[in-house]
Amino acid sequence: MTARPPFTARPGTELPVLVLAEVTPEAVLQFARASGDTNPIHLDPAAARAAGMPDVIAHGMLTMAWLGRLVTSWAPSERLRSLRAAFVAPVPVGDSLTCGGTVAEVREASGEWHAYLRLFARRGDGMAAVRGRAVVAVDPYCSEGGTGGRG
């Protein structure tokens, strides 16, 4: 078995952007079935319009799951310590979604080093849909000035 290289991060590091070209009705339906959240605003256009939406919308927790995918595409999943999100605006089915994030700080906590991430998901019109935060375990600092990372 080969040793995994150290995982490090520095404040200001940007996570690779995750772009969903289209939030599909199929993805929303699959999430509804898997989560048990069959609220009609996610599945029935008439119910969504009656609730003041232009059409059905993606579940907030589905958009949070995409933020989780963003983080775990950057850091090994076993290093994820927490993921939180605030839902700012609905994501209509058919819209695109861009997820990204930045390392805000790296510091020691609970006996290990953590990278604190600021995350976002934006709709195709540029409006913020979700703002989030995550904590990821990283290898200890070893650079000058406490900026994090190796070297």
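Description of the structure in this document.

Conventions used here
Residues numbered from 1 in each chain as written. Predicted model: local features only at pLDDT ≥ 70, side-chain atom pairs only at ≥ 80, totals over all residues. Heavy atoms only, no water. Helix = DSSP H or I, 4+ residues; strand = E, 2+ residues; numbered from the N terminus. Buried < 20%, exposed > 50% of the residue type's maximum accessible area, 1.4 Å probe, protein only. Contact = heavy atoms within 4.5 Å. Areas by Shrake-Rupley, 256 points an atom, 1.4 Å probe, with all protein chains shown as cover. Core = buried A, V, L, I, M, F, W, Y, C linked by side-chain atoms within 4.5 Å. Pairing = 2+ DSSP bridges.

**Details of the overall build of the protein**
For step 1, the next point in the chain: Counting its regular elements, the protein contains three helices and five strands.
For step 2, the next point in the chain: The helix and strand sequence of the protein, counted from the amino end, reads β-α-α-α-β-β-β-β.
For step 3, the next point in the chain: The proportion of buried residues among the 151 residues of the protein is 38%.
For step 4, the next point in the chain: Across the protein, the fraction of contacts at a sequence separation of at least 24, relative to all contacts at a separation of at least 6, is 66%.
For step 5, the next point in the chain: Within the structure as shown, the protein displays about 8200 Å² of accessible surface, and the carbon and sulfur contribution to it stands at 53%.

**Describing the nonpolar core**
Soluble globular proteins: nonpolar side chains tend toward being buried together.
For step 1, the next point in the chain: Membership of the largest hydrophobic core comes to 32 residues, with the highest contact counts inside it found for Trp66, Trp74, Leu97, Cys99, Leu117 and Leu119.
For step 2, the next point in the chain: Those elements giving two or more residues to this core turn out to be strand E1 (18-20), helix H1 (25-35), helix H3 (60-74), strand E3 (97-109), strand E4 (112-123) and strand E5 (128-138).
For step 3, the next point in the chain: In terms of residue count, the dominant contributor to this core is H3 (six residues).
For step 4, the next point in the chain: Among all residues touching Leu119, those that are not within four sequence positions of it are Leu15, Leu67, Leu70, Val71, Leu83, Gly100, Gly101, Val130, Arg131, Gly132, Arg133 and Ala134.

**Side note on the pairing of E5**
For step 1, the next point in the chain: Of all eleven residues in E5, eight are buried; the element is thus mostly enclosed.
For step 2, the next point in the chain: The pairing of strand E2 (residues 80-87) with E5 spans seven bridges and is classified as antiparallel. Counted as the bridge partner of Leu80 is Val136 from E5.
For step 3, the next point in the chain: Here ten bridges tie E4 to E5, and the two strands are oriented antiparallel to one another. Across the sheet, Arg122 pairs through a bridge with Ala128, a residue of E5.
For step 4, the next point in the chain: Where E4 hands over to E5, the hairpin turn is made up of four residues, of which Gly126 adopts a positive phi near 90 degrees.

Any functional reading would require information that these geometric values do not contain.
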